[in-house]
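Fold and contact review
Here's the letter readout for the chains.
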Amino acid sequence: MEYILAPSILAADFMRLGEQIEAVGKAGAQYVHYDVMDGIYVPSISFGLPVLKSVRKGTDLFLDCHLMIMDPDRYIDEFVECGADSITVHVEACRDTGVGSTLEHIRRSGAKCGITLNPGTPVSAIEPYLGMVDMVLVMSVEPGFGGQKLLNSTYAKLAELRELKRLGGYGFDIEVDGGVTKDNLAELVRAGVNVIVSGSSIFKGDIEANVKDFFEIIKENTK
Ligand code: DX5
Ligand code: ZN
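Residues numbered from 1 in each chain as written. Chains lettered and ligands numbered in written order. Predicted model: local features only at pLDDT ≥ 70, side-chain atom pairs only at ≥ 80, totals over all residues. Heavy atoms only, no water.

Moving on, we get to the coordination of the zinc ion (ligand 2). The coordination sphere of the zinc ion (ligand 2) contains the protein donors His33 (NE2), Asp35 (OD), His66 (ND1) and Asp177 (OD), at a distance range of 2.0 to 2.3 Å. With 6 donor atoms in place around the zinc ion (ligand 2) and angles of 68 to 170 degrees between them, the coordination shape is octahedral. All donors of the zinc ion (ligand 2) come from a single chain, and their spacing in sequence reads H-x1-D-x30-H-x110-D. On the criterion of sequence distance, the pair formed by Asp35 in strand 2 (residues 31-37) and Asp177 in strand 7 (residues 173-177) is long-range, its members being 142 residues apart. (Donors = N, O, S within 2.8 Å, 3.2 Å for Na, K, Ca; no water. Tetrahedral: all angles 85-135°; square planar, octahedral: opposite > 155°, others 65-115°. Helix = DSSP H or I, 4+ residues; strand = E, 2+ residues; numbered from the N terminus.)

Moving on to the nonpolar core. Counting 66 residues, the largest nonpolar core has Ile9, Leu103, Ile115, Val136, Leu161 and Ile196 as its most contacted members. Ranked by residue count, the leading element in this core is helix 8 (residues 207-220), at 5 residues. Once residues lying within four places of it in the same chain are set aside, the contact partners of Ile9 are Phe14, Leu17, Ile21, Val32, His33, Tyr34, Phe47 and Phe203. With 7 residues, the next largest nonpolar core counts Ala6, Tyr31, Val195 and Val197 among its residues. (Core = buried A, V, L, I, M, F, W, Y, C linked by side-chain atoms within 4.5 Å. Buried < 20%, exposed > 50% of the residue type's maximum accessible area, 1.4 Å probe, protein only. Contact = heavy atoms within 4.5 Å.)

A word on the site of ligand 1. Taken together, 20 residues are adjacent to ligand 1, and Asp35, Gly144, Asp177, Gly199 and Ser200 come closest. Interatomic distance of 2.6 Å between a side-chain N/O atom of Asp177 and an oxygen atom of ligand 1. The backbone of Gly199 places a nitrogen or oxygen atom 2.8 Å from an oxygen atom of ligand 1. Protein coverage of the free-state accessible area of ligand 1, which is 380 Å², stands at 98%. (Near = heavy atom within 4 Å. Polar contact = N/O pair within 3.5 Å; in protein donor to acceptor, adjacent residues only side chain to side chain. Areas by Shrake-Rupley, 256 points an atom, 1.4 Å probe, with all protein chains shown as cover.)

This structure, assessed with the given rule, holds 8 salt bridges. Among the ionic pairs, Asp71 bridges to Arg95, the shortest N-O distance being 3.0 Å. Of this pair, Asp71 sits in the loop between strand 3 (62-68) and helix 3 (76-81) while Arg95 sits in the loop between strand 4 (86-90) and helix 4 (99-108), placing them 24 residues apart in sequence. Its relative accessible area of 12% is what places Asp71 among the buried residues. A salt bridge links Glu163 to Arg166, with the shortest nitrogen-to-oxygen separation between them at 2.8 Å. With Glu163 and Arg166 both in helix 5 (residues 154-168), this residue pair falls 3 residues apart, about one helical turn. Under the relative-accessibility criterion, Arg166 is labelled exposed at 56%. (Salt bridge = Lys/Arg side-chain N within 4 Å of Asp/Glu carboxyl O.)

The structure is reproduced here in structure tokens:
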């Protein structure tokens, strides 16, 4: 299994964004996790299409777009035009066209598609879509802000999802997002996560050293 690190640039210094993306890539991270917040689906507002376009021009890293926005179907084509390699949506947010049709739209646009499980959302809510997605994103905090503490309920969710993946013979990646640190990474990897999002724990301090430490922990726990 390939283990992927997806630094969330929500925690980056935006005055030095290009430099910091280059640093995570140089140290081995394969994805850039791009958190879009609309102030409606989640209380906060982050960044959107024009920033994505600039990031796309500046990096070859895979751009993993996490849309925390209401009715995301409206924006899929534009996100892909601006450089998104994958688009992940929240089940609760797909009110206009429905979840299945939003996922089909993402796939038609040529991007990879993902679905998200919020801490309060039962795994059964995404079960019908497991055969359609490239990735399931398990939120380990309430979506909306970086720098929160990982919720312990995440491990039970991961176990349940992993079992469904095994039973159904599915090939989707399992991504975890929120409060991932060097201290809980080992347990998350052992719980079946293979795409790891981290904001504060990567961008605070020495970025390249943090990325290398993350990979070292992954290596130690996947032998
Ligand atoms: C939260 C975002 C996360 C966040 C993670 O709503 O989806 O991607 O940036 O940041 P940390 O690792 O600081 O919790
Ligand atoms: Zn995210």
